[in-house]
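# Breakdown of the fold
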Amino acid sequence: MMAGASLAAGLVALPGTGAARNVVAYNPGVEAGTVVISARQRSLFLVMGNGTAIRYPVAVPKSGKEWSGYAHIDGKYVNPDWVPPTVVKRDHPELPDFIRGGSPHNPMGVRALTLDRNQVAIHGTTHKMRASVGTAASYGCIRMLNEDVVDLYERVNVGTTVVMMP
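Let me begin by describing the structure that accompanies this report. (Residues numbered from 1 in each chain as written. Predicted model: local features only at pLDDT ≥ 70, side-chain atom pairs only at ≥ 80, totals over all residues. Heavy atoms only, no water.)

Turning our attention to the overall build of the chain. For the chain, the count of helices and strands is 2 helices and 10 strands. Helices (α) and strands (β) of the chain occur, in sequence order from the N terminus, as β-β-β-β-β-α-β-β-β-β-α-β. A burial count over the chain gives 45% of its 166 residues as buried. Long-range contacts, defined as pairs at least 24 residues apart, comprise 57% of the intrachain contacts of the chain with a sequence gap of at least 6. Summing over all exposed atoms, the chain offers an accessible surface of approximately 8,400 Å²; the carbon and sulfur share of this is 53%. (Helix = DSSP H or I, 4+ residues; strand = E, 2+ residues; numbered from the N terminus. Buried < 20%, exposed > 50% of the residue type's maximum accessible area, 1.4 Å probe, protein only. Contact = heavy atoms within 4.5 Å. Areas by Shrake-Rupley, 256 points an atom, 1.4 Å probe, with all protein chains shown as cover.)

Following this line, the structure appears as structure tokens:
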């Protein structure tokens with residue numbers, strides 16, 4: 001994409017941006033450091049202030065699992081273990097009851113930012129599930145490419161406000 005080319009919702013890509021994530025013009029009316037997730041755009045924005053944000057592609061909750069409103073990051077984890085939530089286990093009984101962090105089969109990927117909502121996190125993904133990024137595929141979580149969740153993990157703190165928009 002050429003610098004200055006228009007994106008959805010009036011966003012403009014700025015020069016010198018990476019392929020997986022872009023610095024975009026963005027003025028959502030929230031303070032710098034806020035994470036804004038647009039389910040419609042399948043994007044997570046880390047508001048930088050000065051009218052810009054870092055845009056990351058994400059997978060958002062699938063139909064019937066959506067949520068909106070405010071949350072806060074209440075934990076940060078490197079190579080988190082995973083226990084499938086009850087609703088996931090009910091739909092996929094073939095899943096193991098526990099997957100150790102660092103396993104290539106762990107759907108949390110290499111980092112997780114848990115939210116103060118029932119069993120919801122912003123997290124990485126497995127190699128097999130990378131193709132789901134950009135779709136509505138999760139049970140409520142926000143799924144990112146591992147390289148992007150590592151970048152976001154380094155930029156946010158426990159307590160960071162997260163806003164989920166339809």
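Attention now moves to the pairing of strand E3 (residues 43-49). Most of E3 sits out of view: 6 of its 7 residues are buried. Two elements, strand E2 (residues 35-38) and E3, share 4 bridges in a ladder whose sense is antiparallel. Counterpart to Ile37 in the pairing with E3 is Leu44. Linking two consecutive strands that pair antiparallel, namely E2 and E3, is a turn of 4 residues; a positive phi of about 55° is found at Arg42 within it. In the sheet, E3 pairs with strand E4 (residues 52-61) via 6 bridges, with the strands oriented antiparallel. Bridging across to E4, Leu46 finds its partner in Ile54. As consecutive antiparallel partners, E3 and E4 are separated by 2 residues, and within that stretch Asn50 has a phi angle of approximately 40°, a positive value. (Pairing = 2+ DSSP bridges.)

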